[in-house]
Amino acid sequence: MKFTPRNLNLFLLKSLPSAYMCGVRVYAIENEYCTVRVKYKWFNQNPFNSMYFAVQNMAAELTTGALVMKTIKESNKKVSMLVLNQKSQFTKKATGIITFKCIQGNLIKDKVAEALQTKDGITFWVRSEGIDEKGDVVGIYDFEWTLKAKS
């Protein structure tokens, strides 16, 4: 699969339908960053008139996971990947269009190379931030990924 927003959104529909149904969409992906957007609406709301935390976490995780998947694909090697831990800070109600962005593609590239070189399982943390239409940070999301080269 070529890593384009369109192809990743089709992947969501097929493999992560709950994220797709909640409105999570890849907006941009490059080597250094991935951007995902989701609009607050009835289907992804919580009882407090903002976006449900799980929807925010899905979108944030996708920014990091898409970069990991893209980097592994470009290595032409087999590497298993899994989220080991996750931490979130919710700093403001998420309403309107929220843009989630991970800008740690270079770190991810280094970690995939390390996993391939050592053949041992490695773990590392990456961050995604959610920003509303006014430019305010609504949340900070940290994900600990584990990678292991397959034989």
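For the structure, see preceding data.
As the structure is a computational prediction, the values presented were derived from the model and not from experiment. (Residues numbered from 1 in each chain as written. Predicted model: local features only at pLDDT ≥ 70, side-chain atom pairs only at ≥ 80, totals over all residues. Heavy atoms only, no water.)

A. Looking closely at the sheet that holds strand β4 (residues 97-102). Read from one edge to the other, the open sheet built from six strands follows the order β1-β2-β4-β5-β6-β3, with strand pairing classed as antiparallel. Strands with a single pairing partner mark the edges of an open sheet, and in this sheet they are β1 (25-29) and β3 (79-90). Taken pair by pair, the neighbouring strands of this sheet meet at an average axis angle of 25 degrees, ignoring direction. Relative to β4, strand β2 (residues 34-39) is paired through six bridges, and the arrangement is antiparallel. Bridge pairing links T35 to K101 in β4. Contacts from helix α3 (residues 53-75) reach β1, β2, β3, β4, β5 (122-131) and β6 (137-149), with the element oriented near 40 degrees to β6. Contacts between helix α4 (residues 105-118) and the sheet are confined to β3, β5 and β6, with β5 contributing the most and set at about 165 degrees to the helix. (Pairing = 2+ DSSP bridges. Helix = DSSP H or I, 4+ residues; strand = E, 2+ residues; numbered from the N terminus. Axes fitted to C-alpha atoms, helices over the stretch in contact; angles between N-to-C directions. Contact = heavy atoms within 4.5 Å.)

Just distances and angles here, no functional claims.
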